[in-house]
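# Topology and contacts: notes
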Amino acid sequence: MAEQESLEFGKADFVLMDTVSMPEFMANLRLRFEKGRIYTFIGEVVVSVNPYKSLNIYGRDTIEQYKGRELYERPPHLFAIADAAYKAMKRRSKDTCIVISGESGAGKTEASKYIMQYIAAITNPSQRAEIERVKNMLLKSNCVLEAFGNAKTNRNDNSSRFGKYMDINFDFKGDPIGGHINNYLLEKSRVIVQQPGERSFHSFYQLLQGGSDQMLRSLHLQKSLSSYSYIHVGAQLKSSINDAAEFKVVADAMKVIGFKPEEIQTAYKILAAILHLGNLKFVVDGDTTLIEDGKLVSIIAELLSTKTDMVEKALLYRTVATGRDIIDKQHTEQEASYGRDAFAKAIYERLFCWIVSRINDIIAVKNSDTTIHGKNTVIGVLDIYGFEIFDNNSFEQFCINYCNEKLQQLFIQLVLKQEQEEYQREGIPWKHIDYFNNQIIVDLVEQQHKGIIAILDDACMNVGKVTDEMFLEALNSKLGKHGHFSSRKLCASDKILEFDRDFRIRHYAGDVVYSVVGFIDKNKDTLFQDFKRLMYNSSNPVLKNMWPEGKLSITEVTKRPLTAATLFKNSMIALVDNLASKEPYYVRCIKPNDMKSPQIFDDERCRHQVEYLGLLENVRVRRAGFAFRQTYEKFLHRYKMISEFTWPNHDLPSDKEAVKKLVEYCGFQDDVAYGKTKIFIRTPRTLFTLEELRAQMLVRIVLFLQKVWRGTLARMRYKRTRAALTIIRYYRRYKVKSYIHEVARRFHGIKTMRDYGKHVQWPTPPKVLHRFEEVLQAIFNRWRASQLIKTIPASDLPQVRAKVAAVEMLKGQRADLGLQRAWEGNYLASKPDTPQTSGTFVPVANELKRKDKYMNVLFSCHVRKVNRFSKVEDRAIFVTDRHLYKMDPTKQYKVMKTIPLYNLTGLSVSNGKDQLVVFHTKDNKDLIVCLFSKQPTHESRIGELVGVLVNHFKRIIHLEGRQGDGKEAVTVIWVRCYESVDSGVEIRVKEADLKEIKRLKPELVRGTLSNHNGARDGAGQGFESLLTLQEHDGLNTTPQQIGSLVMMFCSHIMIWPLRANEGPQKRLNLLSQKLFLKLNGSHPPYPECHSSPKIPPTQRSSPITRAGRIHIAHPVVDAP
Ligand SMILES: Nc1ncnc2c1ncn2[C@@H]1O[C@H](COP(=O)(O)OP(=O)(O)OP(=O)(O)O)[C@@H](O)[C@H]1O
Ligand SMILES: [Mg+2]
């Protein structure tokens, strides 16, 4: 509303006038015209006054202001009406049409172009290429049609000389997808003759002024307009038209629309041929008629792609079939001239119709399927020639003015008559408003048997020579009493009318005097068959296509064609029926003066137009009437969501009651009337408010529907997922079950198998059972091992363990591990090995047992050692579960060196046949020796030594971990123990934690805690302090007790954090160990050694190179 004009510009809607009177109407119209406000509403009708100057009111900004707005929101404008028609079409899927009427030069064509531009501008927001193409064609087609169908007349420099009704088709989204143009009766007589001050169709002038020299040469044309008799009348006329520029615009438009080059060329050739035809003169030589300038004939033949003699023959002769004979009848000069002119008019008309049909082919709606794209709706725009009165009015003006009568009748029918009748029918109190109904004039022209057209047709049908005067006579006798018809004969005193030539029709828009001259010929519209055949036989396919009826042979009898007037009448009736079936919107154009001046508002001329257009009656009906009506059912259907009484369904006795309730709910009861079947709404604003309320509610309804639908979708998805999960669950269960069944089947009777199921192949487990399979296989392997071990005598078990350990360590590293023989271990005490000296060794061993309290002898053997002078010396090594001794066999096995076993950090052996072994020690005083056997010589004992030692060390628990937080935190650095009870245990903890250990399990810590080399061992590993509980400190701990001790720590160590670089496998192993400890309350009998305190590389790499020739491959045993 903010955009509304102020009152200084007059009233924007004539309905708002204080009194409905002609003076006030005219005063308002004039005021607005003078203020540059050329548009004014009468309700939904736009009255437009031709400004005769360009106004800046059609730009993008203005379009944006009107886009999607309601009629009353913005000042009157063509765009408002276009938007209303578009919205009605989109909202209600109704076909609409915009009827633009007014007399010639009132601005109809301009208005229709602005409307088209507006529709093009507001559609296709998604910029779809196809829609853009269609829009472009629709806009461009105007300029081509105007070039060929418009001409300068005395009333209008760009007067439409044909009627145009264009349908624009829209898809369900409201985007234009195509269109169709209906053209009505082209004023083709203009091709051969124009009244003074007028011109022929623009196309001729454009070609001559705009065509290139080369093109004109090829068409045998010259630029001078006055050289051509068909157009020389208007040749010198000055006007604003720039033909040369227009020529290019039209040629480009034709290209864009999709005319092929040869088609455009053919159009030019036809224009040229017509111009040449006009210059063709006939002379009479005795009885024969001849063509004056034969050269012209050959030019025409060339342009029409036919033969010269055939053109000549068609111009001079007429082929007549009498019975079976075919004779060529020569034309008189007059006949020949008539034939030439008829030919020129006909080919121009054909060209025009062909252009329309080509445009229609191109803009036709393609690939539209109503099932997919929904109903496609239409907006029709009618721009037809306006009512016109010339000095000399002929058949064409008669048709044009009849057409305007029809359109006025339609307006009366829809706006004045039907509307009033409907109020009466519906029982709405109504005071009838009088108006002039022009039906009587329409009947005068078109009535069957009695109308002017019927009388004209009768005259044309008569055999023999019928003259135009005879036709006028027939009119006089038949229509003498008609109030709207007169002639000189009927009214002798009327000097304006000429005897035997003129008749007058009192049209709704004024009296028009028509001259009957040419009526008969123009109505018959005779074109000799010879010309049709000539054109059909043209070698130019485009031309040939325009003349399909030339195909008929001479002897074929054709039905008498309908006359021009009847054809036109039929097309008008069809047009009016078509318009009546759509929702009409009107633009009523007024021409302010005859001088094409932007300043002059000729009161008299304008008042006349206002009168005959019935605008005042229009205002009266509009003021008293209602802007909108709808059946109760449809009204409810559209607006029921607005009130709770009607949504979703009402429970009132009738729809009418429900509508009343709805209207009262909105507070519009004073602005409506209730008819028998329809509700009538007086002001558009009420309707728009209803629309707005509806639009607001629609959002909620849409949201509601979305909500419900989303819920449904989610439930469906949920059900599907749940079903899928159930299926997956059952399937998994099935897979697991079938796996277990399969395992059970394969391992059935395993106890009785010789290899206890070793050969049985495990079935592939489903993914979820991979871990299970590992555990199961471990159980199986353990069981199988236990079955196998069962058969081994207890005394052999240590040896078997040692051999297993040796294999684990050295498999693939050394050729001979000595597995085949029995491992005696204590070779120094055995007779075969040391026949003479065993006696000496045994007491030494016993003495050491007493002194060093060892329990078992692990290994003893003679060895050889290379001393620093590279001298080989015989030595012996003696390994107990406590110490490693180096002895001198030559001196009764005197102990030369004692290394506590816990000082042993590793063993290195070579992979060759030699029996070199390096004992790495913590103090870096490695012992390097070669095992050496006397009996049998070179017996390989490396395997045995490694196996025995590894087996021994395997019984050491070694755990490592750290507790994360808390005061009671105890950090276990590592725990080391030996299997033998008296071997002691080492538990390394942080010094700060010692108190805690004492507090928790004082009974376990019976011994003293002593600092044992802590500083040195921990230095490289970031330990604060290392403490070792040692057997020699008096701690006597069984493995079970150790287990409890570790358990105690573990219960504190809920998480078993590992160093960042320790992999998941290690984490798992440690966790499983922890779990095991927790479940059993004791540590596993022989937990695997998972990690060892890292020995720095410098310590690990032995100085074996000092041993000279022997190369050590790599250390193979890492003992803690
Ligand atoms: N809105 C307008 N703005 C500026 N000039 C206009 C406008 N409307 C019409 N005119 C001027 O008036 C001339 C005649 O207008 P137009 O050709 O639309 O008349 P018409 O009603 O179609 O006449 P006809 O019945 O002869 O075809 C235009 O060439 C233009 O110069
Ligand atoms: Mg026009």
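Criteria and cut-off values
- Residues numbered from 1 in each chain as written.
- Chains lettered and ligands numbered in written order.
- Predicted model: local features only at pLDDT ≥ 70, side-chain atom pairs only at ≥ 80, totals over all residues.
- Heavy atoms only, no water.
- Helix = DSSP H or I, 4+ residues; strand = E, 2+ residues; numbered from the N terminus.
- Buried < 20%, exposed > 50% of the residue type's maximum accessible area, 1.4 Å probe, protein only.
- Donors = N, O, S within 2.8 Å, 3.2 Å for Na, K, Ca; no water.
- Patch = residues over 30% accessible without salt bridge, like charges linked within 9 Å, V, L, I, M, F, W, Y side chains within 5 Å.
- Areas by Shrake-Rupley, 256 points an atom, 1.4 Å probe, with all protein chains shown as cover.
- Salt bridge = Lys/Arg side-chain N within 4 Å of Asp/Glu carboxyl O.
- UniProt positions renumbered as here; feature names shortened; annotations may be inferred.
- Contact = heavy atoms within 4.5 Å.
- Core = buried A, V, L, I, M, F, W, Y, C linked by side-chain atoms within 4.5 Å.
- Pairing = 2+ DSSP bridges.

Turning to unusual backbone geometry, a few remarks are in order. Most peptide bonds are trans, and most residues other than glycine sit at a negative phi. Of the consecutive residues Trp647 and Pro648, the connecting peptide bond is found in the cis state with omega at -5°. Here Pro648 lies in the loop between helix H24 (632–639) and helix H25 (655–666). Phi is positive for Ser305, which is not a glycine, with a value near 55°. Within the secondary structure, Ser305 is located in the loop between helix H10 (294–303) and helix H11 (308–316). Ser305 gets classed as buried once you look at its relative accessible area, which sits at 18%.

Octahedral six-donor coordination of a metal ideally yields angles of 90 or 180 degrees, compared with 109.5 degrees for tetrahedral four-donor coordination. Ligation of the magnesium ion (ligand 2) by protein atoms is provided by Thr109 (OG1) and Ser160 (OG), these donors lying 1.9 to 2.1 Å from the ion. Of this pair, Thr109 sits in helix H4 (residues 108–122) while Ser160 is found in strand S5 (residues 159–160), placing the two residues 51 residues apart along the sequence. By relative accessible area, which is 11% here, Thr109 ends up buried.

Bringing a nonpolar patch on the surface into the picture now. Nonpolar side chains collect at one region of the surface, where Phe704, Leu705 and Val708 lie side by side and expose about 280 Å² of accessible area between them. You can see Val708 is positioned in helix H26 (residues 684–746). The partly exposed category is assigned to Val708, whose relative accessible area is 39%.

This paragraph deals with the UniProt feature "binding site: ATP" (unreviewed entry) in the protein. UniProt feature "binding site: ATP" (unreviewed entry): in the numbering of this structure it lies at Gly102, Glu103, Ser104, Gly105, Ala106, Gly107, Lys108 and Thr109. Looking at Gly102, the relative accessible area reads 5%, which means it is buried. Sequence-distant contacts of Gly102, defined by excluding residues within four places in its chain, comprise Lys108, Gly386, Phe387, Asn404 and Cys589. Relative to the helices and strands, Ser104 is located in the loop between strand S3 (96–101) and H4. Here Ser104 is in contact with Arg155, Asn156, Ser159, Gly386, Phe387, Glu388 and Lys591, once residues within four sequence places are set aside.

Our focus in this paragraph is the nonpolar core. By size, the foremost hydrophobic cluster in this structure holds 120 residues, and its most contacted members are Phe148 and Phe204. Broken down by element, this core gets its largest block of residues, 15 residues, from helix H12 (residues 333–363). Every residue in contact with Phe148, bar those within four places of it in the chain, is listed here: Phe201, Ser203, Val250, Met254, Leu271, Tyr348, Leu351, Phe352 and Ile355. Counting residues in hydrophobic clusters, the runner-up holds 83 residues, among them Met17, Ile384, Cys403 and Ile590.

A few words on the pairing of strand S10 (residues 317–322). Two elements, S10 and strand S11 (residues 325–330), share 6 bridges in a ladder whose sense is antiparallel. Residue pairing in the sheet places Arg318 in a bridge with Lys329 of S11. Linking S10 to S11, which pair antiparallel, is a turn of 2 residues; within it Gly323 sits at a positive phi near 65°.

This paragraph deals with the pattern of salt bridges. Counted under the stated rule, the structure contains 57 salt bridges. Taking the shortest distance from any N to any O, the salt bridge between Glu583 and Arg92 comes out at 3.1 Å. Linking Glu583 in strand S16 (residues 583–590) with Arg92 in helix H3 (residues 78–92), this pair joins segments that are 491 residues apart in sequence. A relative accessible area of 16% means that Glu583 is categorised as buried. Judged by relative accessible area, Arg92 falls into the partly exposed class, the value being 30%. Across the pair Arg161 and Glu187 runs a salt bridge, and its minimum N-O distance is 2.8 Å. Note that Arg161 is positioned in the loop between S5 and strand S6 (163–170) and Glu187 in the loop between strand S7 (176–184) and helix H6 (202–210), a separation of 26 residues in sequence. You'll find Arg161 and Glu187 in the same group, each marked buried. If you follow the salt bridges from partner to partner, you end up with Glu70, Asp83, Lys87, Arg91, Arg638 and Glu691 in one network.

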